[in-house]
Amino acid sequence: MEEKGCFDIKVNHSSKTIDMLEDIFAANELRRRSLFYSDVQLRGEYPAYFNRIVEEHELNLTIPSEDLAVIKEGVCDYLGFSFYRSSLHEAGMKILGNTGGIIGKKNPYLQETPWGWPIDPLALRYVCNELTDRYQKPLFIVENGIGLHDKVVDGKIDDRDRMHYLKDHVEMMSEAIKDGCTIIGYTWWGPIDIVSAGTGEMEKRYGFIYVDKQNDGSGSMKRLKKESFHYYKRIIETNGASLELPAAD
């Protein structure tokens, strides 16, 4: 059988310092850890780097050929993923995480939410391109959102920071589509205020609909549409074509 190869004469990596290169490689190792399951489920086989994991952890695995055949035949048609923030990783640092993903070092170039999560819409475009290059499969962004303190003023909630976050991320999703990524869906976390899965509090609000319930359990449970509700409704109606923010009061 004739074999065909491909040769790239410029497969190199630029780095200012040795320490930076070590950080880059450590981040790559962490990325493999994050994408291991999707590597298996979207490629239909265990990745080559898995062999080293097995060896270094002294795992005694017996994988029947029938199981490998099931994995090969059951390749997923698309990848769904959550995106809230980026993470800055340094070689040797302890790996921690929460409901938003891996917790990295503080990034001095990014703004943060009131709960310290970096706001990095460009990273969403980066991830979409990374995953497209890696798998060549459609993508579904199943969670994206921002937790904020919302206050009712004169019967309204002008959650402009949430609208800015939404606008910036939808714009980057649009840019990713122009880059060649196939994005088949986008859903927000979450449409209505609920108890935060990460901190167990009501005060960390994600919804477009306010729920009158406080951390101490008080409140009427009355619902109120925030200004972001109407903004998101317009985005849906125009399929992301109308992203202009409403005028501030």
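Just so you know, these numbers come straight off a predicted model, no measurement behind them. (Residues numbered from 1 in each chain as written. Predicted model: local features only at pLDDT ≥ 70, side-chain atom pairs only at ≥ 80, totals over all residues. Heavy atoms only, no water.)

> Give me the lowdown on the packing of aromatic side chains, citing residues and values where you can.
Using the criterion set out here, one finds eleven aromatic pairs in the structure. Seen in terms of ring centroids, Y84 and Y206 are 6.3 Å apart; in terms of plane orientation they differ by 75°. Their pairing is edge-to-face. Taken together, the positions of Y84 in the loop between β1 (79–82) and β2 (96–98) and Y206 in the loop between β5 (183–186) and β6 (209–211) put the pair 122 residues apart, joining distant regions of the chain. As far as burial versus exposure is concerned, Y84 and Y206 are alike and both buried. With a centroid separation of 5.0 Å and 25° between ring planes, the pair formed by W188 and F208 is classed as stacked. Placement of the pair is W188 in the loop between β5 and β6 and F208 in the loop between β5 and β6, with a sequence separation of 20 residues. (Phe/Tyr/Trp six-rings, centres within 6.5 Å; stacked < 30°, edge-to-face > 60°. Helix = DSSP H or I, 4+ residues; strand = E, 2+ residues; numbered from the N terminus. Buried < 20%, exposed > 50% of the residue type's maximum accessible area, 1.4 Å probe, protein only.)

> Can you explain the environment of D150? Please cite residues and give values.
For D150, the location among the structural elements is in the loop between β4 (139–143) and α5 (160–179). Considered as a pair, D150 and R134 are 16 residues apart in the sequence and their alpha carbons are 39 Å apart. A polar side-chain atom of D150 sits 3.2 Å from a polar atom in the side chain of R162. Side chain to side chain, D150 and K226 meet in a polar contact 2.6 Å long. (Polar contact = N/O pair within 3.5 Å; in protein donor to acceptor, adjacent residues only side chain to side chain.)

> Before we move on, can you summarise the sheet that holds β4 with the specific residues and values?
Strand order in this open sheet of three strands is β1-β4-β5, and the pairing throughout is parallel. Single-partner strands in this sheet number two, and they are β1 and β5. Neighbour-to-neighbour, the strand axes of this sheet turn through a mean angle of 20°, independent of strand direction. Sheet topology note: the β1/β4 ladder contains four bridges and is parallel. Residue pairing for β4: S82 is matched across the bridge by E143. (Pairing = 2+ DSSP bridges. Axes fitted to C-alpha atoms, helices over the stretch in contact; angles between N-to-C directions.)

> Pulling in residues and values, what's your account of the side chain of S86?
The residue S86 is located in the loop between β1 and β2 in this model. Within the local environment of S86, its side chain forms a polar contact with the side chain of D120, the two groups lying 2.8 Å apart.

> Please give an account of the nonpolar core that cites residues and values.
Counting residues in hydrophobic clusters, the biggest one holds 31 residues, and the most contacted among them are F81, C128, L131, I141, L166 and W188. Secondary structure elements with two or more residues in this core: α1 (18–43), β1, α4 (121–135), β4, α5, β5 and α6 (227–237). When residues no more than four places from it in sequence are discounted, the contact partners of L166 are Y186, W188, F208, Y231, Y232 and I235. Residues F36, V40, Y49 and V54 belong to the second largest nonpolar core, which totals five residues. (Core = buried A, V, L, I, M, F, W, Y, C linked by side-chain atoms within 4.5 Å. Contact = heavy atoms within 4.5 Å.)

> Tell me about α6, and please be specific about residues and values.
Turn by turn, an α-helix covers 3.6 residues, leaving residues three or four places apart pointing in a common direction. Every buried residue of α6 is listed here: S228, Y231, Y232 and I235. The buried residues of α6 occupy an angular sector of 95° when the element is viewed end-on, so they sit on one face. At the exit of α6 stands N239, carrying a positive phi of roughly 55°. (Arc of directions from axis to C-beta.)

> Report on the environment of V211, specifying residues and quantitative values.
Summarising the element assignment, V211 is placed in strand β6. Judged by relative accessible area, V211 falls into the buried class, the value being 4%. Taking the C-alpha atoms as reference points, V211 and L224, separated by 13 residues in sequence, lie 6.7 Å from one another. In this view, V211 contacts I192, D193, M202, R205, M221, K222 and R223; residues no more than four positions away in its chain are not counted.

> I'd love a proper account of the pairing of β5, names of residues and values included.
Bridge analysis of β4 against β5 gives three bridges, and the strand direction is parallel. Each residue of the ladder has a partner; that of L139, found in β5, is I183.

> Residue-level account of the confidence of the model for the protein, with values.
Residues of the protein with pLDDT of at least 70 account for 93%, and the chain-wide mean is 92. Residue range residues 4–16 is modelled with pLDDT below 50. Its contacts to residues more than four positions away, or to other chains, number five contacts. (pLDDT = per-residue confidence, 0-100.)

> Please set out a nonpolar patch on the surface residue by residue, giving values where relevant.
Residues Y46, I53, L59, L61, I63 and L68 make up a contiguous nonpolar surface patch of about 460 Å² in total accessible area. Summarising the element assignment, L59 is placed in the loop between α2 (49–56) and α3 (65–73). (Patch = residues over 30% accessible without salt bridge, like charges linked within 9 Å, V, L, I, M, F, W, Y side chains within 5 Å. Areas by Shrake-Rupley, 256 points an atom, 1.4 Å probe, with all protein chains shown as cover. Salt bridge = Lys/Arg side-chain N within 4 Å of Asp/Glu carboxyl O.)

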